[in-house]
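# Understanding the architecture of this molecule
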Amino acid sequence: MFDLVSSKLVGGAHATPSMVQNAILATLPEPQFELLRPHLKAVSLKRNEILQDALRHPDAAYFIESGVVSRMVRTVKDGLVEVAVVGKFGFVGVSLVLGAAQTVQRSIVRVPGTALRIDAAAFRDILHQSPETREHMLGYVQLLIALNAQIALCNARHDIPERVARWMLLAQDRIGGDRLPVTHGVMAAALGVRRPSVSKALSDFEAKGIIEGRRGAIRIRDIDALRGEACECEQNPEGQISPFPRHAPPSSRHVTPCPSRRAPDATARRPGPGMIVVPRARTRRGAVIP
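Residues numbered from 1 in each chain as written. Predicted model: local features only at pLDDT ≥ 70, side-chain atom pairs only at ≥ 80, totals over all residues. Heavy atoms only, no water.

## Let's talk about the overall build of the protein chain
From N to C terminus, the protein chain includes 10 helices and 12 strands. For the protein chain, with 290 residues in total, the buried portion stands at 49%. Taking contacts inside the protein chain between residues at least 6 apart in sequence as the whole, the part at least 24 apart equals 76%. Accessible surface, the protein chain: about 13400 Å² in total, of which carbon and sulfur atoms supply 52%. (Helix = DSSP H or I, 4+ residues; strand = E, 2+ residues; numbered from the N terminus. Buried < 20%, exposed > 50% of the residue type's maximum accessible area, 1.4 Å probe, protein only. Contact = heavy atoms within 4.5 Å. Areas by Shrake-Rupley, 256 points an atom, 1.4 Å probe, with all protein chains shown as cover.)

## With respect to the pattern of salt bridges
With the rule as written, the count across this model stands at 10 salt bridges. Note that Arg-117 is salt-bridged to Asp-59, the shortest N-O span being 3.5 Å. Within this pair, whereas Arg-117 is found in strand S7 (residues 106–119), its partner Asp-59 is found in the loop between strand S3 (49–52) and strand S4 (60–75), the two being separated by 58 residues in sequence. You can call Arg-117 buried: its relative accessible area is 5%. Residue Asp-59 is classed as buried on the basis of its relative accessible area, which comes to 16%. With its nearest N and O atoms 2.9 Å apart, the salt bridge here joins Arg-219 to Glu-212. (Salt bridge = Lys/Arg side-chain N within 4 Å of Asp/Glu carboxyl O.)

## Observations concerning the nonpolar core
In this structure, Leu-36, Phe-63, Ile-118, Phe-123 and Met-137 are the most contacted members of the largest nonpolar core, which totals 40 residues. Residue contacts for Met-137: discarding those within four places in its chain leaves Ile-24, Leu-36, Phe-63, Phe-91, Val-97, Phe-123 and Leu-127. In terms of nonpolar packing, the next biggest core, distinct from the first, is built from 27 residues, Val-164, Leu-170, Ala-190 and Ile-210 among them. (Core = buried A, V, L, I, M, F, W, Y, C linked by side-chain atoms within 4.5 Å.)

## Some points on the state of the cysteines
Across all of its chains, the model carries zero disulfides by this definition. Among the cysteines around Cys-233, which has no disulfide bond, Cys-154 carries the closest sulfur, lying 4.0 Å off. A residue is classified by how much of its surface remains accessible, and Cys-233, at 7% relative accessible area, is buried. (Disulfide = S-S within 2.5 Å.)

## Looking at helix H6 (residues 160–175)
Compared with an ideal rise of 1.5 Å per residue, which puts 16 residues at 22 Å, H6 spans 22 Å between its outermost C-alpha atoms and is within 8% of the ideal. Counting buried residues along H6, 12 of its 16 residues qualify, which places the element largely inside the surrounding structure. For H6, the set of buried residues is Arg-163, Val-164, Ala-165, Arg-166, Trp-167, Met-168, Leu-169, Leu-170, Ala-171, Gln-172, Asp-173 and Arg-174. Looking one or two places after H6, you find Gly-176, whose phi comes out positive at around 90°. (Expected span 1.5 Å × (residues − 1).)

## Examining the packing of aromatic side chains
Scanning the model with the defined rule gives four aromatic pairs in all. Taken together, Phe-63, Phe-91, Phe-123 and Tyr-140 form an aromatic cluster joined through their ring pairs. (Phe/Tyr/Trp six-rings, centres within 6.5 Å; stacked < 30°, edge-to-face > 60°.)

## Considering the sheet that holds strand S8 (residues 179–180)
Ordered in space as S8-S10-S9, the three strands form an open sheet in which the pairing is antiparallel. Sheet topology places S8 and strand S9 (211–214) at the edges, where each strand pairs with a single neighbour. Pairing analysis gives two bridges linking S8 to strand S10 (residues 217–220), with the strands arranged antiparallel. Bridge pairing in S10 places Leu-180 opposite Ile-218. Along the sheet face, helix H8 (residues 195–207) touches S9 and S10 and points at about 120° away from the line of S9. (Pairing = 2+ DSSP bridges. Axes fitted to C-alpha atoms, helices over the stretch in contact; angles between N-to-C directions.)

## Section: the side chain of Glu-82
Inspection of the secondary structure assignment puts Glu-82 in strand S5 (residues 79–86). Buried Glu-82, no salt bridge; nearest opposite-charge side chain is Arg-166, N-O distance 4.1 Å. Reaching out from Glu-82, the side chain makes a polar contact with the side chain of Ser-70 at a distance of 2.4 Å. (Lys, Arg positive; Asp, Glu negative; His and termini not counted. Polar contact = N/O pair within 3.5 Å; in protein donor to acceptor, adjacent residues only side chain to side chain.)

## Focus: unusual backbone geometry
Keep in mind that most residues, glycine aside, have a negative phi and that most peptide bonds are trans. Backbone geometry places Asn-48, a non-glycine residue, at a positive phi of 75°. One can find Asn-48 in the loop between strand S2 (41–45) and S3. One non-glycine residue, Leu-55, lies in the positive phi region at around 60°. Take Leu-55: it is sitting in the loop between S3 and S4.

## Description of H8
Across its 13 residues, H8 extends 18 Å between first and last C-alpha, which sits within 8% of the 18 Å expected from 1.5 Å per residue. Buried within H8 are the following residues: Val-198, Ala-201, Leu-202 and Phe-205. Projected down its long axis, H8 shows its buried positions confined to an angular sector of 95°, all on one face. Following H8 by one or two positions, Gly-209 adopts a phi angle in the positive range, close to 80°. (Arc of directions from axis to C-beta.)

Below is the structure:
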């Protein structure tokens, strides 16, 4: 893991600076980061929040600082299945970079955390006036396309225990610790499989001393053994084509957090399929999984 930071500040002048954790922003050249800086706002990400929904106009992009977001596709008959895992090495808002009017996938918060949010209009303007910024963002788009293809292959060819191990390793990589605050149900929903299948795989891993189950969380005790249980999709294609370094010396880039926009209660309303809840707060985030 790495922490890259910059001397640039985001937000109010009297707030306490904090390190930029997002790899996309951390590796963005200073002149281009300066274009984004005035528009970045620190927000909290609440479990089961829908940051963007399929076939909707995106209102913002989210550069993930901590936590895990699943990019999902769905069918009416079979429900949702995950096609990518997004953490501090990525961002939500690819359709804005591509100039698309609508998103094609749903982005759901699986592990709570934080992000730096930029309004869609401001992000589009910066991408239009700065080809260097757009090119930098397109490096992640290429990686995301490769990840989508790899996970599609994994879902079709690999057994559930291998996929469960792969998902935990990807989540651990993005969280940066050995404790995963996820339940069996969260993993089953992400993988598009039945919960008992996930519970059986986790029970077997625990019997081997690889993980330790806790209430609402899983602790990885032996990550090398867990890698041995996972399929090769855990390390490909990120380790081969990613334009962003996985390990790098720290620099001095910081942000000054603005007051966080608190997400609404995820259980307050249950919309029908395809609906998004618009909270009364000044944000369109916070939809609930139907």
